[in-house]
Structures are given as C-alpha cells and as structure tokens.
Amino acid sequence: MYMATDIISALFIFISTLISMSILGLAAGFSPTLYVAHIAMTAKSKHPVTYTASIMSGVLLAVLVLIVLFQTLHLDKLLSFIDTTVKALTVSVIFNVLVGAGFVWGGIWYLNHQHVPDIKPAKVRKTGGIISMFGLGFARTFVSVSGVTAAYIAGNIIANVSIGLLERLIYTVVFFAASVVPFFGIIIFMRKNPQRLTKMTQQLRELLDKTNYRLIVGVGAIILGGSIVIFNLMMALFY
C-alpha cells in the first residue's frame, strides 16, 4: 500500500515538475522584440532556417549559462563540494542577495524604460546577419528580467526536486526545449502562411505599443528581488 502511494506521489511530482519546466522554459525565452526581429529577418531572407538556428543558439546558450549557474550555486549543491555548512551558506546567501538586488535593479530599469525597443532588420543584416542574430538572442535572453527570473526559479526547482543526474537532465532538457518552441512555431508558420504571419507581426507590434507589459514585469521583478533578499538575510541570521 505504502509502495503504491510512494510511486503515485513520485509520478505526480515528476509530471508536475515537467509541466512547470515547460511553462518556465516558455517564460525564459519569451521576448516580443526577439519574435518580431526573428520574423522580420527570416521573412526577407533566402536562408530562414539558418537565421532561426542562429537566434535559437543564442537563446539556448544564455539559458544554459543561467540555469547551470543557478543550480550550481544552490545551497544543497554547494554543500556537496564546500567543506562546511557555514561557508556554503555564506556563498549561497551572498549570491542570492546579489541576484535579488539584480532583480530589483532590473525591475526599476524596466519601469524607467517602458518603451519597447525597435530592432531594425536592415541594421542587423548590416552588422553581420547570422552572428548578429546569435548575439541578439543571447543578449536579449541573458539580461531579460523574465528570462533570468524563469531560469532562477527553474534552477532552484530542479535542484530541490531532482533525485539523480538523469532526472535533473530530463528537467533541464525540457526547460531548454520549451524556451525555443516559439521560434520553431514561427518558422513553420512562415513556410505555410507567410502573409498571415506578416499580418500577425504587425498586430503584435501594435499590441506591444498598447499593452504596458514592461510595467507588470518591472513591478514583479522588484517584488521578487526584494523577497529573495529578505529571505536570504533572514536565513543567514537564523539558519
């Protein structure tokens, strides 16, 4: 009876974590400006798949760096290669306080720069095309508040939930895959109905101008960052 309950419980945790990783992966790769730039570049390119692979590689590299960093500097992981609990806790607290402060700063920056930047395809092509798309994908994801937040949460969930290396790898791969799903969707849609996609791009531009999503992200980042700082300072005092 207990074994069956344990199996059901473990299966529930596994499936719910996979769903969480999928949602967080989509959030990590979420960037309206990247989507618009991707569509604009590939719509007029003779090699749309190459541009898609380039921007996806940039996004994936940024996600990889972030999630590995957040998993590695998790307290439980630090305890496995730092000799004392006090040292591990100190490193974890300092790192997380810096992350929390970074979220607060990022949120304030978003509130002060609520206009969505316009990326001009002609300028991207002029500065190197494929290499520029890779750099754009990496930079937009690595410094994105939503990307860093999603990677931070995902990294901590994976570190807490994973029992073994295989389970950790599965969660990480699902997170990676979900972060670039929209780019696959764009390239497939472009091949089937490019006119419709162009129209949708214009609608997305108009929606971004009307919807102040950066205000929501900015406030959310400040709240999350403040919570992380307070929690870690409290843990340092009472652990």
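The model shown is predicted, which means the values in this text are computed figures rather than measured ones.

Draft legend 1. The arrangement of the overall build of the protein chain in detail. Scanning the protein chain for helices and strands turns up 11 helices and zero strands. Secondary structure elements of the protein chain, listed N to C terminal, follow the sequence α-α-α-α-α-α-α-α-α-α-α. Looking at the protein chain as a whole, 41% of its 239 residues are labelled buried. Considering only contacts in the protein chain between residues 6 or more positions apart, those separated by 24 or more positions represent 82%. Surface exposure of the protein chain reaches about 13400 Å², of which carbon and sulfur atoms provide 73%.

Draft legend 2. Up close: the nonpolar core. Membership of the largest hydrophobic core comes to 35 residues, with the highest contact counts inside it found for Met 21, Phe 70, Phe 175 and Phe 183. Those elements that provide at least two residues to this core are α1 (2-28), α2 (32-43), α3 (48-72), α5 (85-112), α7 (130-142), α8 (145-161) and α9 (165-192). Looking at which element gives the most residues to this core, the answer is α3, with eight residues. Those residues in contact with Phe 70 that lie beyond four places of it in its chain are Phe 95, Val 99, Val 148, Ala 151, Tyr 152 and Gly 155.

Draft legend 3. Inspection of the packing of α8 against α9 at higher detail. Packing of α8 against α9 leaves a shortest axis separation of 9 Å and a crossing angle of 160°. On the basis of their axis angle, the class for α8 and α9 is roughly antiparallel. Considering only the axes of α8 and α9, their crossing is right-handed. Taking contact as the criterion, the partners of Ala 150, Ala 151, Ala 154, Ile 158, Ala 159 and Val 161 in α8 are, on α9, Glu 167, Arg 168, Tyr 171, Thr 172 and Phe 175.

Draft legend 4. Representation of α9 within the structure. Taking 1.5 Å per residue, 28 residues should reach 40 Å; α9 reaches 40 Å between its end C-alpha atoms and fits that length. Along α9, the sharpest kink reaches roughly 40°, centred on Val 180 and followed within four residues by the proline Pro 182. Residues Glu 167, Tyr 171, Thr 172, Phe 175, Phe 176, Ala 178, Ser 179, Val 180, Phe 183, Ile 186, Ile 187 and Met 190 constitute the buried set of α9.

Draft legend 5. Region of interest: the packing of α3 against α7. At a minimum axis separation of 7 Å, α3 and α7 run at an interaxial angle of 35°. Between α3 and α7 lies a crossing whose hand is right-handed. Residue-level inspection shows Thr 50, Tyr 51, Ser 54, Ile 55, Ser 57, Gly 58, Val 59, Leu 61, Ala 62, Val 63, Val 65 and Leu 66 of α3 in contact with α7, the latter providing Ile 130, Met 133, Phe 134, Gly 137, Phe 138, Thr 141 and Phe 142. Residue classes in the contact of α3 with α7 are distributed as 13 nonpolar, six polar and no charged.

Draft legend 6. Geometry of the side chain of Thr 141. Inspection of the secondary structure assignment puts Thr 141 in helix α7. Not counting the four nearest positions on each side in its chain, Thr 141 is found in contact with Ala 28, Leu 34, Val 59, Ala 62, Val 63, Leu 66, Gly 147 and Val 148.

Draft legend 7. Looking closely at the environment of Ile 23. The topology assignment puts Ile 23 in helix α1. Under the relative-accessibility criterion, Ile 23 is labelled exposed at 55%. Along the backbone, Ile 23 and Ala 178 are 155 residues apart, and their C-alpha atoms lie at a distance of 7.4 Å.

Draft legend 8. Broad picture of the packing of aromatic side chains. Enumeration over the complete set of coordinates arrives at five aromatic pairs. Centroid distance Phe 14 to Tyr 171: 5.7 Å. Interplanar angle 40°. Geometry classified as tilted. Taken as a pair, Phe 14 in helix α1 and Tyr 171 in helix α9 lie far apart in primary sequence, 157 residues in all. Judged by centre distance (5.9 Å) and plane angle (55°), the rings of Phe 70 and Phe 95 are tilted. With a gap of 25 residues between them, Phe 70 in helix α3 and Phe 95 in helix α5 connect regions that are remote in the sequence.

Draft legend 9. Inspection of the side chain of Ser 144 at higher detail. With respect to the helices, strands and loops of the structure, Ser 144 is situated in the loop between α7 and α8. At 3.2 Å, the side chain of Ser 144 forms a polar contact with the backbone nitrogen of Gly 147. Sequence-distant contacts of Ser 144, defined by excluding residues within four places in its chain, comprise Phe 30 and Tyr 110.

Draft legend 10. Summary view of the environment of Leu 64. Position of Leu 64 relative to the elements: it lies in helix α3. Take Leu 64: its relative accessible area is 37%, and that puts it in the partly exposed class.

Analysis parameters
- Residues numbered from 1 in each chain as written.
- Predicted model: local features only at pLDDT ≥ 70, side-chain atom pairs only at ≥ 80, totals over all residues.
- Heavy atoms only, no water.
- Helix = DSSP H or I, 4+ residues; strand = E, 2+ residues; numbered from the N terminus.
- Buried < 20%, exposed > 50% of the residue type's maximum accessible area, 1.4 Å probe, protein only.
- Contact = heavy atoms within 4.5 Å.
- Areas by Shrake-Rupley, 256 points an atom, 1.4 Å probe, with all protein chains shown as cover.
- Core = buried A, V, L, I, M, F, W, Y, C linked by side-chain atoms within 4.5 Å.
- Axes fitted to C-alpha atoms, helices over the stretch in contact; angles between N-to-C directions.
- Parallel < 35°, antiparallel > 145°, perpendicular 65-115°, else oblique.
- Left-handed = near helix turned anticlockwise from the far one by under 90°.
- Expected span 1.5 Å × (residues − 1).
- Bend = angle between axes of the 7 residues up to and from the residue.
- Nonpolar A, V, L, I, M, F, W, Y, C, P; charged D, E, K, R; others polar.
- Phe/Tyr/Trp six-rings, centres within 6.5 Å; stacked < 30°, edge-to-face > 60°.
- Polar contact = N/O pair within 3.5 Å; in protein donor to acceptor, adjacent residues only side chain to side chain.

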